[in-house]
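One-letter residues, chain by chain:
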Amino acid sequence: MEKPSDALLCAAAIAGDCTRLRDLLLAGADASFFDSDGMTPLMHAAAGGHADAVRCLLDAGAPWNALSPSNLSAGDLAMENAHQEAFDILLNFAIQAELVLGTIARRGRGEGTASHEEYLSDRVAFGEDRIMDAKSEAVMMAWEKPLMEAHARAICFSGDDCGRILNVGFGMGLVDEAIQRYKPLEHTIVEAHPDVYDRMIRSGWGEKENVKIVFGKWQDVLHQLGSFDGIFFDTFGEYYEDMREFHKYLYRLLKPGGIYSYFNGFCGSNAFFHVVYCQLVALELGDLGYSTQFIPLPVKECLSEDIWKGVKHKYWQLDTYNLPVVQASHDSE
Ligand SMILES: C[S@@+](CC[C@H](N)C(=O)[O-])C[C@H]1O[C@@H](n2cnc3c(N)ncnc32)[C@H](O)[C@@H]1O
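The shown structure was predicted, so the numbers you read here are calculated from the model rather than taken from an experiment.

Definitions and limits used
Residues numbered from 1 in each chain as written. Predicted model: local features only at pLDDT ≥ 70, side-chain atom pairs only at ≥ 80, totals over all residues. Heavy atoms only, no water. Pairing = 2+ DSSP bridges. Helix = DSSP H or I, 4+ residues; strand = E, 2+ residues; numbered from the N terminus. Core = buried A, V, L, I, M, F, W, Y, C linked by side-chain atoms within 4.5 Å. Buried < 20%, exposed > 50% of the residue type's maximum accessible area, 1.4 Å probe, protein only. Domains from an automatic or database assignment. Contact = heavy atoms within 4.5 Å. UniProt positions renumbered as here; feature names shortened; annotations may be inferred. Patch = residues over 30% accessible without salt bridge, like charges linked within 9 Å, V, L, I, M, F, W, Y side chains within 5 Å. Areas by Shrake-Rupley, 256 points an atom, 1.4 Å probe, with all protein chains shown as cover. Salt bridge = Lys/Arg side-chain N within 4 Å of Asp/Glu carboxyl O. Near = heavy atom within 4 Å. Polar contact = N/O pair within 3.5 Å; in protein donor to acceptor, adjacent residues only side chain to side chain. 1 Å grid on protein atoms, 1.4 Å probe; cavity = no way out; pocket = protein on both sides within 12 Å on 5 of 7 lines; lining within 4 Å. Sits in = over half its atoms within 2 Å of the grid points. Points joined across faces, edges and corners; volume = space filled by probe spheres on them. Nonpolar A, V, L, I, M, F, W, Y, C, P; charged D, E, K, R; others polar. Buried area = accessible area lost by both parts, 1.4 Å probe. Phe/Tyr/Trp six-rings, centres within 6.5 Å; stacked < 30°, edge-to-face > 60°.

Digging into the sheet that holds strand β1 (residues 125–126)
Spatially, 3 strands are ordered β1-β2-β3 in an open sheet, and the strand pairing comes out antiparallel. With partners counted over all chains shown, the strands left at the sheet margins are β1 and β3 (138–141), one partner each. Of the strand pairs in this sheet, strand β2 (residues 130–132) and β3 are connected by 3 bridges, and their pairing is antiparallel. The residue bridging Met132 from the neighbouring strand is Ala138, located in β3.

What to know about the nonpolar core
Among the nonpolar cores identified, the biggest contains 66 residues, and Val54, Leu90, Ile231, Phe246, Tyr260 and Phe272 are the most heavily contacted of them. It is helix α6 (residues 84–101) that contributes the most residues to this core, 8 residues altogether. Both of domain 1 (4–101) and domain 2 (116–332) provide at least three residues apiece to this core. With sequence-adjacent residues up to four places away left out, Phe272 is seen in contact with Trp64, Ser73, Gly75, Asp76, Met79, Phe87, Leu90, Leu91 and Ala94.

Re the UniProt feature "repeat: ANK" (unreviewed entry) in the protein chain
UniProt annotation of "repeat: ANK" (unreviewed entry) refers to residues 37–69 when read in the numbering used here. Measuring from the first to the last C-alpha atom of residues 37–69 gives 8 Å, for a span that is 48% helix and 0% strand.

Some remarks on a nonpolar patch on the surface
Judged by side-chain polarity, Leu99, Val100, Leu101 and Leu283 come together as a nonpolar surface patch covering roughly 390 Å² of accessible area. When residues in the nonpolar patch are grouped by element, the largest group, 3 residues, is from α6. Position of Leu99 among the secondary structure elements: in helix α6.

Thoughts on the site of the ligand
The full set close to the ligand counts 27 residues, and His116, Tyr119, Val175, Glu191 and Asp234 are the nearest of them. The contact in question runs from an oxygen atom of the ligand to an N or O atom on the backbone of Gly171, over 3.0 Å. The separation between an oxygen atom of the ligand and a polar main-chain atom of Val175 is 2.8 Å. With respect to the pocket detection grid, the ligand is positioned in the largest cavity. Within the residue set of the shell around the ligand, elements represented by two or more residues are α7 (116–121), β3, α9 (174–180), β5 (186–191) and α11 (218–221).

Points about empty space enclosed by the protein
By the definition in use, this model includes 2 cavities of 30 Å³ or more. As a volume, the largest cavity reaches approximately 290 Å³. Gly169, Glu191, Asp234, Thr235 and Phe236 are the residues nearest the centre of the largest cavity, which is lined by 29 residues in total. Among the elements that take part in the lining of the largest cavity, α7 stands out by supplying 3 residues, more than any other. Grouping the constituent residues of the lining of the largest cavity by class yields 16 nonpolar, 8 polar and 5 charged.

What to know about the domain arrangement of the protein chain
Per the domain assignment, the segments making up the protein chain are domain 1 (4–101) and domain 2 (116–332). The gap between the C-alpha centroids of domain 1 and domain 2 is 36 Å. Domain 1 puts 15 residues into the contact, and the matching count from domain 2 is 11 residues. Here domain 1 and domain 2 share an interface that buries about 1100 Å² over both sides, 79% of which is from carbon and sulfur atoms. Of all residues in domain 1, the largest losses of buried area upon contact with domain 2 belong to Ile95, Glu98 and Leu99, amounting jointly to 38% of the total for that side. Remark: the boundary between domain 1 and domain 2 carries 0 salt bridges. Counting across the domain 1 and domain 2 interface gives 4 residue pairs in polar contact (both at pLDDT 80 or more). For the side of domain 1 that touches domain 2, the secondary-structure elements that each account for two or more residues are α5 (74–80) and α6. No other element matches the 7 residues that α6 contributes to the side of domain 1 that touches domain 2. Looking at the side of domain 1 that touches domain 2 residue by residue, the classes come out as 9 nonpolar, 4 polar and 2 charged.

Some remarks on the packing of aromatic side chains
Inspection of every chain in the model, using the stated rule, returns 21 aromatic pairs. For the ring pair Phe87 and Phe272, a centre distance of 5.7 Å and an interplane angle of 75° mean the geometry is edge-to-face. With Phe87 in helix α6 and Phe272 in helix α14 (residues 271–287), this pair connects stretches of sequence that are 185 residues apart. The class of Phe87 is buried, set by a relative accessible area of 11%. Through successive ring pairs, a cluster of aromatic residues spans Trp218, Phe233, Tyr240, Phe246, Tyr260, Tyr262, Phe266 and Tyr277.

Quick word on the pattern of salt bridges
Counted by the stated rule, this structure contains 15 salt bridges. Linking Glu149 and Lys145 is a salt bridge whose minimum nitrogen-to-oxygen distance equals 3.9 Å. In this pair, Glu149 and Lys145 both sit in helix α8 (residues 145–155), 4 residues apart, roughly one turn of the helix. By relative accessible area, which is 28% here, Glu149 ends up partly exposed. For Lys145, a relative accessible area of 38% corresponds to the partly exposed category.

Next up, the structure:
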């Protein structure tokens, strides 16, 4: 139940009055209170750029990932208002929280999908501009073509020639079409869905001289793959934890000097959460000995409301896509 001190907490956060905030919190005010505008004290403090108040509220248990009615978190408000110090405090806190709890970490696409096994055993539907799963989630969409071309460019330029390339997740084959243009010596594609695999075979991918198709989940076939100059990872229905697991094998999958990239769709409907996940992945890859750079690509023009017709979950709503380019830290020095 709302207490009078809860509303006073918002007023103190708006004023950036830390002494008052601490007194109210000690007296039992609720740091996770939402006022009548759907704002928390932390959102008010962040929007006003009151860095000390942000710190004080986080220490008192204020939820960093609460969303306002317009889907903005405290971090989004600090970012929108260019309050660097408040933003940095929120970002560091969020990264630590996600490292421990992983509360917002889901996958890039298909947040509503019940289970990966279910996805793999259900039928998928192929359209002109999309592949849909049985639950009306988009498995892959044609608007991503320029992104896939950019990913192919990133992983196919690790040396003088394109060498051996691995793509995990065929989908519509957009990245693979782009990879083929670089004429790799060998191009291995791992795909786990029987319908997607059938379609690949029927469209002639099995007859390409430099292409090797491996049917199965990457988890089951990695041991037979060898090592590569370029790797792209883009699956569906999997969680951040799955990609993290894949990263553990990079040390033997990626040749020295090789480039790794992944579809960076994490938290694609909230700008701050997305930044948290860019930093989190970079941090965890850093611990494994890899450095990550993000190339910002504008995507606003690829997206219109129309393209999402019939799609349950709009998995991307941000104006900029951050394309990750990952290489061994000693290669990038
Ligand atoms: C988003 S699509 C890939 C799109 C692709 N990058 C393109 O350019 O069209 C994801 C693909 O990964 C496949 N997939 C999902 N889980 C997988 C797994 N564990 N191993 C291999 N493939 C998987 C899905 O069946 C789907 O075809």
